[in-house]
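Commentary on secondary and tertiary structure
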Amino acid sequence: MNESIRQQFPALQRIHNGKPFIFLDGPAGTQVPQIVIDAISDYYKTSNANTHGQFVTTQETDIIMETTRNNIAAFIGAEGGHTISFGQNMTSLNFSLSRAIGKVLQPGDEILITQLDHESNRGPWLALREKGIVVREVRLLGTGILDYEDFAQKINERTRLVAMGYASNILGTINDVQLIRKLTYQVGAWLLLDAVHYAPHLPLDVQALGCDFLLCSAYKFYGPHVGILYSKPGLLDRLPADRLRTTYQHAPYSIETGTLNHAAIAGVDAAIKFIASVGKGENLSQQLKNAMQQIGQHERRLVQKLYDNLLKIKGIRIFGPPMDVTVRAPTLAITVEGKRPDEVCRFLAQRNICAWDGHFYAIRSTEVLGLLEQGGVTRLGISIYTTEQEIKDTLEAFSELD
Ligand SMILES: Cc1ncc(COP(=O)(O)O)c(C=O)c1O
């Protein structure tokens, strides 16, 4: 990635104590480029209105909403804008979806979740236990990889839904979705993927994946805080989502409640355009795919460097799959012997390095790996704007930590 990309992010120009920040906190939300900031403020300057009216600004709002749905569809390889619903964030959309799915399941029906997932893809499904639905949990191995034998044993003809992450926001593990898809097809269950941590890093193609639902969140891929739900055509129409009689009763609108954040959605469209601007191709889909391949390669190169050199520092342990796996998200969970993760992050913060400590809501994984008591891990996340120099500076900081 080149300097012209970094120039587009005002936050990267900020100087604090004489130095710019190094943002390794991308997995908790990335910085946003100027085009996103402009789209949000331009919306308020020019087109601020509610939807479906007779005058210019409302019609412009309708266009922004539908264009953004279509462009997100291109970003994730979906059939079209009619498959894309918006919400406040991923968690609230998933809760709405789980309530709707809960109404069409019977007591004794089963849902499969995993120990690797973020709580937002566990809690909404665990809540359905109240209705007599059986929720089973696929085990996480000490390697940070799901136990696929356990998965194959737990999925059965009563399984109605498999809800799992595509990439882990703590360990960087990318799950074997092809295998999961095969097993879910065999029993006729729905497959729901939490792609919140995958979407910022690698190309997505929901049709090739064959998933029924997929969720992501724009603030992880250079946009504002907006949750996104993909539902396979026809599926959402069959689900009784909580809704008012005054809203549209069909997809993609039936799961959306109240007035959406139009300005932020204008910002999501700008984030998609920003990503597309990095790639080459004859149309938006090709540009997005190429851009995500380039972003993936850039991040992979830097995370490899960070991984290899961190391992050389005494007392540092890295959790999750090793770098020799073919695909891995550029996110490292580490511990430093004799230091709590919050101490490590405070030390990094003094050097303007922004990194998170804790469990990042992937609390079950930290419990299973025995890391919760000690305050979780320190998480280092690579983004489009991370540079080789920043990796060097981060490694230098770690080498000074004693
Ligand atoms: C993997 C993963 N899933 C889901 C979420 C929840 O997303 P949101 O904040 O949009 O509810 C996050 C947020 O950190 C995440 O990393």
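Residues numbered from 1 in each chain as written. Predicted model: local features only at pLDDT ≥ 70, side-chain atom pairs only at ≥ 80, totals over all residues. Heavy atoms only, no water.

Moving on: the domain arrangement of the chain. Domain parsing of the chain yields domain 1 (3-32 + 284-400) and domain 2 (38-276). Computed over C-alpha atoms, the centres of domain 1 and domain 2 are 25 Å apart. Summed over both sides, the interface of domain 1 with domain 2 buries roughly 3,300 Å², with 67% coming from carbon and sulfur. Contact with domain 2 buries surface across domain 1, with Leu-288, Met-292 and Arg-364 losing the most and accounting together for 19% of the total. There are one salt bridge connecting domain 1 and domain 2. Glu-137 is the salt-bridge partner of Arg-364, the closest N and O atoms lying 2.9 Å from each other. The interface formed by domain 1 and domain 2 contains 14 residue pairs in polar contact (both at pLDDT 80 or more). Contributing elements (two or more residues each) for the side of domain 1 that touches domain 2: α10 (284-310), β12 (331-336), α12 (363-368) and β15 (377-381). Per-element tally for the side of domain 1 that touches domain 2: the top contributor is α10, with 11 residues. Here the side of domain 1 that touches domain 2 is composed, by residue class, of 27 nonpolar, 15 polar and five charged. (Domains from an automatic or database assignment. Buried area = accessible area lost by both parts, 1.4 Å probe. Salt bridge = Lys/Arg side-chain N within 4 Å of Asp/Glu carboxyl O. Polar contact = N/O pair within 3.5 Å; in protein donor to acceptor, adjacent residues only side chain to side chain. Helix = DSSP H or I, 4+ residues; strand = E, 2+ residues; numbered from the N terminus. Nonpolar A, V, L, I, M, F, W, Y, C, P; charged D, E, K, R; others polar.)

Let us now look at the site of the ligand. All residues in the neighbourhood of the ligand are listed as Asn-89, Met-90, Thr-91, His-118, Ser-120, Asn-169, Asp-194, Val-196, Ser-217, Tyr-219 and Lys-220. Contact between the ligand and Met-90: an oxygen atom at 2.9 Å from a main-chain N or O atom of the residue. Separating an oxygen atom of the ligand from a side-chain N or O atom of Tyr-219 is a distance of 2.5 Å. In the complex, the protein chains occlude 90% of the 400 Å² of accessible area that the ligand would expose alone. For the ligand, the cavity whose grid points lie within 2 Å of the majority of its atoms is the largest pocket. Classifying every residue of the shell around the ligand gives three nonpolar, six polar and two charged. (Near = heavy atom within 4 Å. Areas by Shrake-Rupley, 256 points an atom, 1.4 Å probe, with all protein chains shown as cover. 1 Å grid on protein atoms, 1.4 Å probe; cavity = no way out; pocket = protein on both sides within 12 Å on 5 of 7 lines; lining within 4 Å. Sits in = over half its atoms within 2 Å of the grid points.)

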